[in-house]
Amino acid sequence: MDLYEIREERLDVIAEEAEYQEFSREPTAMADRGGRAPRGVSTFQRFSVDTDDSLRFDPCEDSLPSPTEEEHDEDVFKEGDTEGETVIIRNRLQGKVAEMENFAGHLEEIFLTVEENFGRQEQHLEQHYNDVLQTLSQRYDERAAALEEEKKGKLEALYKQLLACGQAMDASKELIETAQEIYRSQDKRLFLKAVMPTIKRIEEFAKEEVDLTLTTNLEFDTPIADLSDVKTMMDSINVVPAPSAPVINPQMPNSATQTSLRVCWSLFSDDTVEYYELYYRPVLEDTPADSTCAPPVSKVNVKETHCTVTDLLPNAQYELWVTATNTTGISPASEKALYMTVPSPPVIKQRECTSCPEAALIRWESGNTNPVDSYTVELSEMGTNGTESGITESIVAVPTCQCLIQLQTGRCYLISVRAVNIGGPSDRSEVITVSTTGTFFHLLEDTAHPCLSVSEDGFTIFYGDEELPISAMALDDNNSFNRCVAVLGDLIPVRGRHYWEVEVDDGTEFRIGVAAEDTERNSYLGANNTSWCMRHILTPSRHKYEFLHNGWSPDLRITVNPVRIGVALDYARGTLSFFNVDLEQHLHTFHCHFLNYVHPCFALDNPGALTVHNGIEAPEYTFI
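Cut-off values and rules
- Residues numbered from 1 in each chain as written.
- Predicted model: local features only at pLDDT ≥ 70, side-chain atom pairs only at ≥ 80, totals over all residues.
- Heavy atoms only, no water.
- Helix = DSSP H or I, 4+ residues; strand = E, 2+ residues; numbered from the N terminus.
- Buried < 20%, exposed > 50% of the residue type's maximum accessible area, 1.4 Å probe, protein only.
- Contact = heavy atoms within 4.5 Å.
- Areas by Shrake-Rupley, 256 points an atom, 1.4 Å probe, with all protein chains shown as cover.
- Salt bridge = Lys/Arg side-chain N within 4 Å of Asp/Glu carboxyl O.
- Patch = residues over 30% accessible without salt bridge, like charges linked within 9 Å, V, L, I, M, F, W, Y side chains within 5 Å.
- Phe/Tyr/Trp six-rings, centres within 6.5 Å; stacked < 30°, edge-to-face > 60°.
- Pairing = 2+ DSSP bridges.
- Axes fitted to C-alpha atoms, helices over the stretch in contact; angles between N-to-C directions.
- Core = buried A, V, L, I, M, F, W, Y, C linked by side-chain atoms within 4.5 Å.
- 1 Å grid on protein atoms, 1.4 Å probe; cavity = no way out; pocket = protein on both sides within 12 Å on 5 of 7 lines; lining within 4 Å.
- Points joined across faces, edges and corners; volume = space filled by probe spheres on them.
- Nonpolar A, V, L, I, M, F, W, Y, C, P; charged D, E, K, R; others polar.
- Polar contact = N/O pair within 3.5 Å; in protein donor to acceptor, adjacent residues only side chain to side chain.
- pLDDT = per-residue confidence, 0-100.

### Section: the overall build of the protein
Broken down by element type, the protein carries 6 helices and 31 strands. A buried classification covers 36% of the 624 residues belonging to the protein. Of all intrachain contacts in the protein linking residues separated by at least 6 positions in sequence, the fraction that spans at least 24 positions is 68%. When the accessible area of the protein is evaluated, it comes to approximately 37500 Å², of which 53% is carbon and sulfur surface.

Structure follows, in structure tokens:
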């Protein structure tokens, strides 16, 4: 079907639709006046597109009633039914018109493709034709040159033979003339003197044989020309050419899993291909390009222009290329493309995660040897009955292995992390539970003094009676305390209100408070300007309490020894307060402007134990 005919049919269909709409309005108007639709209205048809792209016209099941049925229809159908049927028929017709337009567009694409393929085939045929003419011209020039050379050789041979005959004739003529002169001589003395040499010359001349046969063949050689290559070229015109090199597509997002890759490529539309061969191998950064220890190449044969490669390594980079094959031969290889499998799930470092009523800081390890593009943190709220909410929020494009998430107070969340590269997101990590009831943190064991030991749950510290060897005390670790027997808690990186409690014994000397991240590790807590702490000292007469900052403490006396001490940190107001939890008694408040985030800090000045309680809701009296 010609493209212009298709477009004319599209216009005819649109015109038919418009005509039908006019007809559909007329029966309605006449039905309003007389209750009957006019006779003689043409029956509409609906068309459909078969799978073989041909058109089929069928009578419409909703066509207008025949004249013999009109009397009965007037009693059955009402005006609303007629309008409804009209709308249904119009919608169907509009749908068919849309299908026809799509079909015409499809035919137009086919037309353009055929025209493009014809142009390529014509160019291919013209190239073959020029190659054949060039080969024949070359054979003609070679044959003409050989014939000219043969002609030249024959002429030279005939010319030499002609010269030899001429010389023999001249010599014979000279002898004849000499003999005649001697014969005519009247002087006998001269005759006898000259006749003997002449006879001798005649005898010698007679002994010489003159070759009077034609030594040169007058026929020219007519060797059979070797035109096998021309025949091959002529035959190749009707043979399917070998395919061109395929074009492998760049990796699409979300086209991989942890162990598989979906690869796609394309080929010129006029190439005939029986099957493709996809080659792939992992890319190892520490392997030189020319190394004989390069990873082996794997191959997959497929019929389509796409393939899913399985049994791969997670978060690994693979080099892929493809060739096309038909009965004529194999195409050149495509350019190599790099694809990435999906990363392995990250590993959340739960001991390094902190939370508070307004936010949570989540830290994790990549879990992959190769770097990933970004991370996605997913969180969902847990209901009061312990079930997970169906709504999951995502924080995407996290560049590092930690994320500070703003949350709502007094809720419980399930949080997981995914690693993302161009292949797609990984499976989610193990889910951790985060509560925003209060501030939650762990003790950092790498900051602990060698004499301190931290419990397995990370909330209790012990200072034993045994003495450590000098080698353990002399460790040069810039992050751990080496003078004050202290340890830090996780950094509190949210500028809000934070609260935790510390449980101690009466016989334990301790220091509790907060310290900046750069607090000197060879100094005592409270003895510098980067730490604020409450200190308990045992004296023979009483329990003494100090509230130290930069080595200075106000003169305060506490009559009831607190066993459970509450610590309230307010970044916004710049306060650090201490409370006796059992009595709900305020002990002391530091007023200062915290320029940087701080760590909770804990120290034992004599053997004993200290337990931290966090993740609890702050009492109402703490932030009044």
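### Observations concerning the pattern of salt bridges
Applying the stated rule across the entire model yields 14 salt bridges. Across the salt bridge formed by K96 and E99, the nearest N and O atoms sit 3.7 Å from each other. Of the two residues, K96 and E99 are both situated in helix 3 (residues 79-184); the distance of 3 residues between them amounts to about one turn of the helix. Here E277 and K299 are joined by a salt bridge, their closest N and O atoms 3.6 Å apart. With E277 in strand 5 (residues 275-282) and K299 in strand 6 (residues 298-302), this pair connects stretches of sequence that are 22 residues apart.

### Some words on a nonpolar patch on the surface
A contiguous nonpolar surface patch, about 350 Å² in accessible area, is contributed by Y129, L133, L136 and L227. Structurally, L136 is set in helix 3.

### Notes on the packing of aromatic side chains
Evaluated as defined, the whole model comprises 12 aromatic pairs. With a centroid separation of 6.4 Å and 20° between ring planes, the pair formed by F441 and F602 is classed as stacked. Here F602 lies in strand 30 (residues 598-604) and F441 lies in the loop between strand 18 (432-435) and strand 19 (443-444), a separation of 161 residues in the sequence. F441 gets classed as buried once you look at its relative accessible area, which sits at 1%. Relative accessible area serves as the criterion here: at 1%, F602 is assigned to the buried category. Ring geometry for F579 against Y621: centres 5.5 Å apart, planes inclined by 65°, an arrangement best described as edge-to-face.

### Things to note about the sheet that holds strand 28 (residues 575-580)
With respect to topology, 7 strands assemble into an open sheet ordered 20-21-31-23-27-28-29, the strand pairing being antiparallel. Edge strands, defined here as strands with exactly one partner in the open sheet, are strand 20 (452-454) and strand 29 (585-591). Going from strand to strand, the sheet's axes swing by 20° on average, the running direction of each strand aside.

### Observations regarding the nonpolar core
Formed by 37 residues in total, the largest nonpolar core has its most connected members in W500, I512, F578, F602 and L610. Membership of the second largest hydrophobic core comes to 20 residues, among which are Y276, Y280, V302 and A337.

### A short note on empty space enclosed by the protein
For the structure shown, the criterion picks out 2 cavities of 30 Å³ or more. Contributing to the lining of the second largest cavity are 15 residues, with T354, S355, C356, I492 and P493 lying nearest its centre. Contributions of two or more residues to the lining of the second largest cavity are made by strand 11 (354-355) and strand 12 (359-365). Broken down by class, the residue content of the lining of the second largest cavity amounts to 11 nonpolar, 4 polar and no charged.

### Observations regarding the side chain of H498
Checked against the element boundaries, H498 lands in strand 23 (residues 497-503). A polar atom in the side chain of H498 sits 3.0 Å from the side chain of T439. Here the side chain of H498 touches V494 through a polar contact of 2.6 Å, landing on its backbone oxygen. Each residue touching H498, except ones within four places of it in the same chain, is listed here: C356, T439, I492, V567, A568, L569, Y571 and F623.

### A few points about the sheet that holds strand 5
Spatial ordering of the open sheet is given by 6-5-8-9, a layout of 4 strands whose pairing is antiparallel. Each of the sheet's edge strands pairs with one partner strand only, and the pair in question is strand 6 and strand 9 (337-340). Going from strand to strand, the sheet's axes swing by 30° on average, the running direction of each strand aside.

### Concerning the layout of surface pockets
As a volume, the second largest pocket reaches approximately 240 Å³. V283, N315, A316, Q317 and N370 are, among the 13 residues lining the second largest pocket, the residues nearest its centre. Residues that form the lining of the second largest pocket fall into these classes: 8 nonpolar, 4 polar and 1 charged.

### Digging into the side chain of T325
In this fold, T325 is placed in strand 8 (residues 317-325). By relative accessible area, which is 6% here, T325 ends up buried. Apart from residues no more than four positions distant in its own chain, T325 is found in contact with P243, V273, E274, Y275 and I330.

### Considerations on the confidence of the model for the protein
On average, residues of the protein score 80 in pLDDT, and 79% of them are at 70 or above. The model gives residues 1-8 a pLDDT under 50, and that stretch makes 8 contacts with residues more than four places away or in other chains. In the model, residues 20-77 has pLDDT below 50 throughout and makes 63 contacts with residues more than four positions away in sequence or in other chains.

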